[in-house]
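Descriptive structure summary
Here's the letter readout for the chains.
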Amino acid sequence: MSRRYFISLNLTGKTCLVVGGGQVAERKVHSLLECGAHVVVVSPSITPGLAKLAEEDKLVYRQGYYRVSDLAGVFLVIGAANREEVNRQVADDCAVRNLIVNIVDDQAKGNFFVPAVVRRGDLSIAVSTDGKSPMLARKIREDLEKTYGAPFGEFLELLGDLRQEVIRNVADRDLKRAILENMVDSEVLSLLKEGCIERVKERLRSAYRSGRS
Ligand SMILES: C[C@@]1(CC(=O)O)c2cc3[nH]c(cc4nc(cc5[nH]c(cc(n2)[C@H]1CCC(=O)O)[C@@](C)(CC(=O)O)[C@@H]5CCC(=O)O)C(CC(=O)O)=C4CCC(=O)O)c(CCC(=O)O)c3CC(=O)O
Ligand SMILES: NC(=O)C1=CN([C@@H]2O[C@H](COP(=O)(O)OP(=O)(O)OC[C@H]3O[C@@H](n4cnc5c(N)ncnc54)[C@H](O)[C@@H]3O)[C@@H](O)[C@H]2O)C=CC1
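Worth saying up front: this structure is predicted, and the values here are computed from it rather than measured.

**Examining the site of ligand 2**
Around ligand 2 lies a shell of 19 residues, among which G21, V24, R27, Y66 and N82 are the nearest. A distance of 3.2 Å separates an oxygen atom of ligand 2 from a polar atom in the side chain of S43. Contact distances for ligand 2 include 3.2 Å between a nitrogen atom and a backbone N or O atom of V104. When ligand 2 sits alone it has 860 Å² of accessible area, and the protein chains cover 69% of it. Taken together, the elements giving at least two residues each to the shell around ligand 2 come down to α1 (23–34) and β2 (38–43). In terms of residue class, the shell around ligand 2 is made up of 10 nonpolar, 7 polar and 2 charged.

Following this line, the structure appears as structure tokens:
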């Protein structure tokens with residue numbers, strides 16, 4: 001198989017269908033909701049966790065078996081039923097409609113799968129094993145979480161603003177690049193890993209000032 005193409009999808013307000021209402025469906029629903037998706041779950045039964053989300057109007061639940069009409073108006077689909085033939089039907093129906101689909105029991109049937117993700121504010125680090133070992137993806141994610149802690153999110157907020165300022169104020173391309181590179185040099189990264197956010201902030205400001213003068 002060829003390499004996977006990684007994208008970072010904006011799901012805000014997009015309707016996403018989850019077929020199945022078990023533990024795996026629940027995990028996928030949580031990550032879809034965190035990304036602002038409008039989630040519809042179709043399944044004869046659902047977990048207590050999903051039922052609570054439905055009661056709170058955080059998702060729409062249609063109790064019943066999957067049917068092709070569930071795909072109307074949908075942007076992205078997750079086939080998370082525990083019956084192989086149901087997930088296969090979902091995959092086939094999505095394929096003819098060119099929908100983005102993840103099939104949880106057979107990665108070859110869908111056209112995307114979900115990586116393990118470290119989130120630190122707007123910084124995301126995704127880990128994928130091409131379906132060979134989701135457990136390894138999880139372990140590496142946990143490892144990365146230790147190295148890349150909360151300060152990285154705070155740092156990125158600041159960096160985003162400063163970068164815009166540099167882009168606005170520094171016309172010379174080489175100088176601009178040098179300033180931007182200085183802001184994320186190896187010492188900054190080491191300080192962040194040690195949690196020294198205040199020292200990093202000071203360095204950032206002086207890198208910007210010295211670059212401008
Ligand atoms: C192909 C893929 C399709 C997809 O779901 O997108 C898939 C498929 C399958 N997973 C299975 C099992 C487990 N999955 C997890 C956990 C995660 N699984 C996730 C993704 C993926 N799982 C996609 C590949 C991604 C990749 O490889 O990079 C993560 C990363 C993201 C997420 O789901 O949100 C999330 C970790 C999130 C985190 O912790 O950060 C655990 C561990 C646990 O429960 O903690 C176990 C038990 C241990 C084990 O089996 O390794 C089984 C076997 C079922 C059986 O036994 O029959 C299949 C089916 C098969 O392999 O065919
Ligand atoms: N991708 C992943 O990370 C993982 C995938 N799996 C795979 O995912 C599958 C689902 O796992 P669980 O959620 O633990 O199973 P589960 O048994 O808890 O839930 C399956 C759900 O599918 C529903 N369902 C059955 N037929 C349906 C139909 N025709 N239409 C709509 N919904 C239907 C059931 O009502 C139930 O809610 C397993 O078969 C397993 O192979 C398992 C673990 C992790």
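**A few points about the domain arrangement of the protein chain**
Once the domains are mapped, the protein chain shows domain 1 (15–114), domain 2 (115–147) and domain 3 (151–212). If you average the C-alpha positions of domain 1 and of domain 3, the two centres end up 42 Å apart.

**Comments concerning helix α7 (residues 186–193)**
By the burial criterion, the buried members of α7 are V188, L191 and L192. Seen from one end, α7 has its buried residues packed into an arc of 100°, which puts them on one side. G195, located one to two residues past α7, shows a positive phi value of around 85°.

**Quick word on the sheet that holds strand β4 (residues 76–79)**
Pairing in this open sheet of 5 strands is parallel, and the strands run β3-β2-β1-β4-β5 from one edge to the other. One side of each edge strand has no neighbouring strand; the edge strands of this open sheet are β3 (60–63) and β5 (100–103). Between one strand and the next, the sheet's axes are offset by a mean angle of 15°, whatever the strand orientation. In this sheet, β3 lies alongside β2 in parallel orientation, the contact comprising 4 bridges.

**A word on the packing of aromatic side chains**
A full pass over the atoms with the stated rule returns 1 aromatic pair. Aromatic pair Y148 and F152: ring centres 4.9 Å apart, planes at 65°, arrangement edge-to-face. Residue F152 is classed as buried on the basis of its relative accessible area, which comes to 6%. Here K14 stacks its cationic end above the ring of F75, 4.6 Å away from the centre of that ring.

**Quick notes on the pattern of salt bridges**
Throughout the structure, instances matching the rule amount to 14 salt bridges. Here E154 and K201 are joined by a salt bridge, their closest N and O atoms 3.1 Å apart. With E154 in helix α5 (residues 151–169) and K201 in helix α8 (residues 197–212), this residue pair connects regions lying 47 residues apart in the sequence. Here K201 ties to E198 by a salt bridge, and the two come within 3.6 Å at their closest N and O atoms.

Calculation criteria
- Residues numbered from 1 in each chain as written.
- Chains lettered and ligands numbered in written order.
- Predicted model: local features only at pLDDT ≥ 70, side-chain atom pairs only at ≥ 80, totals over all residues.
- Heavy atoms only, no water.
- Near = heavy atom within 4 Å.
- Polar contact = N/O pair within 3.5 Å; in protein donor to acceptor, adjacent residues only side chain to side chain.
- Areas by Shrake-Rupley, 256 points an atom, 1.4 Å probe, with all protein chains shown as cover.
- Helix = DSSP H or I, 4+ residues; strand = E, 2+ residues; numbered from the N terminus.
- Nonpolar A, V, L, I, M, F, W, Y, C, P; charged D, E, K, R; others polar.
- Domains from an automatic or database assignment.
- Buried < 20%, exposed > 50% of the residue type's maximum accessible area, 1.4 Å probe, protein only.
- Arc of directions from axis to C-beta.
- Pairing = 2+ DSSP bridges.
- Axes fitted to C-alpha atoms, helices over the stretch in contact; angles between N-to-C directions.
- Phe/Tyr/Trp six-rings, centres within 6.5 Å; stacked < 30°, edge-to-face > 60°.
- Lys NZ or Arg CZ within 6 Å of the ring centre and 35° of its normal.
- Salt bridge = Lys/Arg side-chain N within 4 Å of Asp/Glu carboxyl O.

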